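Residues per chain, in single letters:
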Amino acid sequence: MKNKLFAASILAVAFAICACSSDEEEESLADKCKGGDDASCLIGTWQMLAIQDAAFDYNMVVDFSTGPGTLVINEDGTFTYTYATAVSSLMAADCGGLNDNGKWTYNAETKMISIKFTVGEQCNSSPTTAAVKVNATDMTFDKQVFQTSEDVFSATKPIEYYKRVGILE
């Protein structure tokens, strides 16, 4: 009888543990970004650290590290971009620290993001699309999307480089 009670107790504890842990585990950021083609990988807060030249070993053309731009991409299809305040930015005097907002969509098949500016300071009101490369920590747009008035004449293929600084829940 004692063995049956003991076995029943063990079984009850096992069921309780299983019931508590039956919730699905949330997919990790690394898993979401594994192929770089999941829109959920874009969600979060990013700092634009530089405009680089993709044609020449990603040499830095404009360094924003002392006052990076900040891009917040929300799951609901909206974004906010705060323009860089770095001394190296030609846009710092006119737009540095100002926000543009809008809507974004992502096509996983073509790996293209579409940006449509809707409200804000309108430092850049032109809708645009760009090819995106993204992983858990880094993201690039294949052209200038936000810091469009920077001096990049020395670059053959200027791209915007971002570093993830936060994940939005």
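Quick caveat: nothing in here was measured; it's all calculated off a predicted structure.

Another point: the pattern of salt bridges. Considering all chains together, one arrives at 1 salt bridge under this definition. Its salt-bridge partner being Lys-163, residue Asp-138 comes within 3.1 Å of it at the nearest N-O pair. On the criterion of sequence distance, the pair formed by Asp-138 in strand β8 (residues 138-141) and Lys-163 in strand β9 (residues 158-166) is long-range, its members being 25 residues apart. Look at Lys-163 and you get partly exposed, because its relative accessible area is 31%.

In a disulfide, the sulfur atoms of two cysteines are held together by a covalent bond. Using the criterion set out here, one finds 2 disulfides in the structure. With a sulfur-sulfur separation of 1.9 Å, Cys-33 is cross-linked through a disulfide to Cys-41. Around the S-S axis, the bridge from Cys-33 to Cys-41 shows a dihedral of about 110° and counts as right-handed. The residues Cys-33 and Cys-41 share a single accessibility class, namely buried. Disulfide pairing places Cys-95 opposite Cys-123 at an S-S distance of 2.2 Å. On the S-S bond that ties Cys-95 to Cys-123, the torsion sits near -110°, and the link is left-handed. Taken together, the residues span a long stretch of sequence, with Cys-95 in helix α3 (residues 92-95) and Cys-123 in the loop between β6 (112-120) and β7 (128-134) at a distance of 28 residues. Given the relative accessible area of 9%, Cys-95 is considered buried. Cys-123 gets classed as buried once you look at its relative accessible area, which sits at 18%. When the bonded cysteines of the protein are numbered from the N-terminus onward, they pair as 1-2, 3-4.

The next subject is the nonpolar core. Side chains of a nonpolar character, in soluble globular proteins, are inclined to be buried together. Of all hydrophobic cores here, the largest spans 35 residues; its most connected members are Leu-71, Met-139, Phe-141 and Phe-146. Only β1 (44-53), β3 (69-73), β4 (78-82), β5 (99-107), β6, β7 and β8 provide two or more residues apiece to this core. Contact partners of Met-139, with chain neighbours within four places excluded, come to Leu-42, Trp-46, Leu-71, Ile-73, Val-132, Lys-133, Val-134, Glu-160, Tyr-161 and Tyr-162.

Okay, the pairing of β6 next. In summary, the side chains of a regular strand alternate between the two faces of the sheet. The pairing of β5 with β6 spans 8 bridges and is antiparallel. Following the sheet pairing, Asn-101 is matched in β6 by Val-119. With antiparallel pairing between neighbouring strands as the criterion, β5 and β6 make up a hairpin whose turn holds 4 residues, including Lys-111 at a positive phi of roughly 60°.

Let us now look at the packing of aromatic side chains. Under the criterion given, the structure shown has 7 aromatic pairs. With a centroid separation of 5.7 Å and 80° between ring planes, the pair formed by Phe-117 and Phe-146 is classed as edge-to-face. With Phe-117 in strand β6 and Phe-146 in the loop between β8 and β9, this residue pair connects regions lying 29 residues apart in the sequence. Phe-146 carries the same exposure label as Phe-117, and that label is buried. Residues Phe-141 and Phe-146 carry aromatic rings whose centres are separated by 6.5 Å and whose planes lie at 40° to one another, so their mutual orientation is tilted. Judged by relative accessible area, which is 0%, Phe-146 ranks as buried. Among the aromatic side chains, those forming a connected cluster through ring pairs are Phe-79, Tyr-81, Tyr-83, Phe-117, Phe-141, Phe-146 and Tyr-162.

So, how was this worked out
- Residues numbered from 1 in each chain as written.
- Predicted model: local features only at pLDDT ≥ 70, side-chain atom pairs only at ≥ 80, totals over all residues.
- Heavy atoms only, no water.
- Salt bridge = Lys/Arg side-chain N within 4 Å of Asp/Glu carboxyl O.
- Helix = DSSP H or I, 4+ residues; strand = E, 2+ residues; numbered from the N terminus.
- Buried < 20%, exposed > 50% of the residue type's maximum accessible area, 1.4 Å probe, protein only.
- Disulfide = S-S within 2.5 Å.
- Core = buried A, V, L, I, M, F, W, Y, C linked by side-chain atoms within 4.5 Å.
- Contact = heavy atoms within 4.5 Å.
- Pairing = 2+ DSSP bridges.
- Phe/Tyr/Trp six-rings, centres within 6.5 Å; stacked < 30°, edge-to-face > 60°.

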